[in-house]
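Survey of secondary and tertiary structure
For reference, the chains in residue letters:
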Amino acid sequence: MINPKLLKKDIKNLSLKLLKKGFQLNIEKFEKLEKKRKKIQIKTENFRSIQKKLSKLIGKKKLNIDEQNLKKECCQLSLKIKKYHKKLKKIQKKMYFFSLDIPNITLEDVPFGRKKTQNKVIYSWGKKKKMDFVIKNHIELGNKINCFDWETSAKISGTNFVIMKKKIAKLYRVLSQFMLDLHINIHKYKEIYVPYIVHKNSLYGTGQLPKFSSDLFSINSSKDSSKKNNYFLIPTAEVPLINLVQNKILQTSKFPYKFVANTPCFRSESTSYGKDFKGLIRLHQFDKVELVQIVLPKNSYQALEDITLHAEKVLQLLKLPYRKVLLCTGKTSFSSAKTYDLEVWFPSQNSYREISSCSNTLDFQARRIKSRYFDVLKNKNVYVHTLNGSALAIGRTLASILENYQLQDGSIKVPKILRNYMNGLKFIK
């Protein structure tokens, strides 16, 4: 959530910053709400002040006052205060929901732009393998070795789901284990097992709601379908991991908090995508290893570089060519102030595709979930900074391995780093 001080004290400058992200702030609406709030609050405080003065007079016999009238007046003031307090709560609620729709502002070093072509490529890593044969895409490769069953998965669940079998199913599973081992043992993240169903408040906390409601799978938890639903399948482990510190005052000595979880992710993907996003690239259900860091504000800029490097290490060990991209303002997500995308090479498309997003949300999510620490120098509680990163999306990693490690006969060479996990298997035929 945006710092309310920016709305009240510097709304025009805030509006210009939000325009970089493509968001039009309704200044007139906010100013009307704020004017109304001030008016109600001043009246409420005036009534309380008068009531306090009258209360002090009651019981002072020397002043020769009419106690009954004073008590009656205090009682009337109490009713007025109660009435205006309700009005104040109502207007504050409207302002709160107004704020929930406002995205985070981007950092100064984020390039301005609205299109993908305006993203900034920081660098590329890895050597693309030369293939002197007809390159197959990952769908063709998986079908050729009879490890994908799209037809049955469509009968069971519908389109955009997959059934994987035999050695490919195993490779998919061990990729998760390999990534977890790396992040826990080398990068020192704490492994967390989290629920796959979350309350809507958790999604408000991370910023998926209210903006991205159409991309979520809701759960009908009641036999009465007419009742309003409050539960959703997680779109990413970021949601439960960030909410681990919801409504908490964190101990400074324990920073940074570093969490990792391997979970399925569920997304309705209501937007239409082209042929390049078929197969494992965009599914309703997929697995992802997610990294989250909760840090002191002064350390969040470096933490973003670190968390991105941790995701890059997976690709480097798998020897998959990729590039690091700094997203432009218009492509930076709702909650993020700065995001790096890692894009892995897909030979069949002769292009890079996103496999990881690593973001610094500053105190945006922390304000929504009320996560703070006590700052000794400021002598008050201060909001923490939160970061998240995919490290990595398992399906896309598998798809990239199939394509980059394919051989002329359609078999797949197993990356060296994974062979111990695959019981020494070198080729999938």
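Model, not experiment: these values are computed from the prediction.

Turning to the overall build of the protein, a few remarks are in order. Each helix and strand counted, the protein has 12 helices and 16 strands in total. Every one of the 429 residues in the protein was classed for burial, and the buried ones make up 49%. Residue pairs in contact within the protein that sit at least 24 positions apart in sequence constitute 72% of those at least 6 positions apart. Put simply, the protein shows about 22900 Å² of open surface, and 51% of that area lies on carbon and sulfur atoms. Of note, the protein has its 84 positive side-chain charges centred 5 Å away from the centre of its 34 negative side-chain charges.

With that settled, the discussion passes to the packing of aromatic side chains. Evaluated as defined, the whole model comprises 13 aromatic pairs. Centre to centre, the rings of F255 and Y257 are 5.3 Å apart; their planes meet at 85°, and the pair counts as edge-to-face. Y257 shares its class with F255; the two are buried. Among the aromatic residues, those joined into a cluster by ring pairs are F255, Y257, F259 and Y373. Geometry around Y84 places K87 over its ring, the cationic atom sitting 4.8 Å from the centre. K129 extends its terminal NZ or CZ atom over the ring of Y405, reaching a point 3.4 Å from the ring centre.

This part takes up the sheet that holds strand β8 (residues 285–295). The mixed open sheet is built from 8 strands, whose spatial order is β1-β9-β10-β11-β14-β8-β7-β2. Every interior strand has two partners, whereas the edge strands, β1 (120–125) and β2 (190–191), have only one. In the packing of helix α7 (residues 166–186) onto the sheet, contacts are made with β2, β7 (257–266), β8 and β14 (385–393), and the angle to β8 comes to roughly 10°. In the packing of helix α10 (residues 300–317) onto the sheet, the strands contacted are β1, β7, β8, β9 (322–326), β10 (338–346), β11 (351–360) and β14, and the crossing angle to β14 comes to about 10°.

Another point: the nonpolar core. The biggest cluster of nonpolar side chains holds 52 residues, and the ones touching the most others in it are I168 and L398. Contributions of two or more residues to this core are made by α7, β8, α10, β9, β10, β11, β14 and α12 (394–404). For this core, the element with the most residues is α7, which contributes 9 residues. In terms of nonpolar packing, the next biggest core, distinct from the first, is built from 24 residues, F30, Y84, L88 and M95 among them.

A cluster of nonpolar side chains, contributed by I122, Y123, W125 and L309, occupies part of the molecular surface with about 330 Å² of accessible area. Along the polypeptide, L309 turns up in helix α10.

Moving on, we get to the pairing of β10. Here β10 lies mainly inside the structure; 9 of its 9 residues are buried. Relative to β10, β9 runs antiparallel, the two sharing 5 bridges. If you follow K324 over to β10, its bridge partner there is L342. Two elements, β10 and β11, share 9 bridges in a ladder whose sense is antiparallel. Across the sheet, T339 pairs through a bridge with S359, a residue of β11. Between β10 and the antiparallel strand that follows it, β11, lie 4 residues; N350 among them carries a positive phi value of about 50°.

The next thing to look at is a positive patch on the surface. Positive charge collects at one region of the surface, where K29, K35, K36, K39, K43, K80, K83, K87, K90 and K94 lie side by side. Counting only elements with at least two residues in the positive patch, the list comes to α3 (27–57) and α4 (67–100). As for its position among the elements, K90 is in helix α4.

Scoring rules and cut-offs
Residues numbered from 1 in each chain as written. Predicted model: local features only at pLDDT ≥ 70, side-chain atom pairs only at ≥ 80, totals over all residues. Heavy atoms only, no water. Helix = DSSP H or I, 4+ residues; strand = E, 2+ residues; numbered from the N terminus. Buried < 20%, exposed > 50% of the residue type's maximum accessible area, 1.4 Å probe, protein only. Contact = heavy atoms within 4.5 Å. Areas by Shrake-Rupley, 256 points an atom, 1.4 Å probe, with all protein chains shown as cover. Lys, Arg positive; Asp, Glu negative; His and termini not counted. Charge placed at Lys NZ, Arg CZ, Asp CG, Glu CD. Phe/Tyr/Trp six-rings, centres within 6.5 Å; stacked < 30°, edge-to-face > 60°. Lys NZ or Arg CZ within 6 Å of the ring centre and 35° of its normal. Pairing = 2+ DSSP bridges. Axes fitted to C-alpha atoms, helices over the stretch in contact; angles between N-to-C directions. Core = buried A, V, L, I, M, F, W, Y, C linked by side-chain atoms within 4.5 Å. Patch = residues over 30% accessible without salt bridge, like charges linked within 9 Å, V, L, I, M, F, W, Y side chains within 5 Å. Salt bridge = Lys/Arg side-chain N within 4 Å of Asp/Glu carboxyl O.

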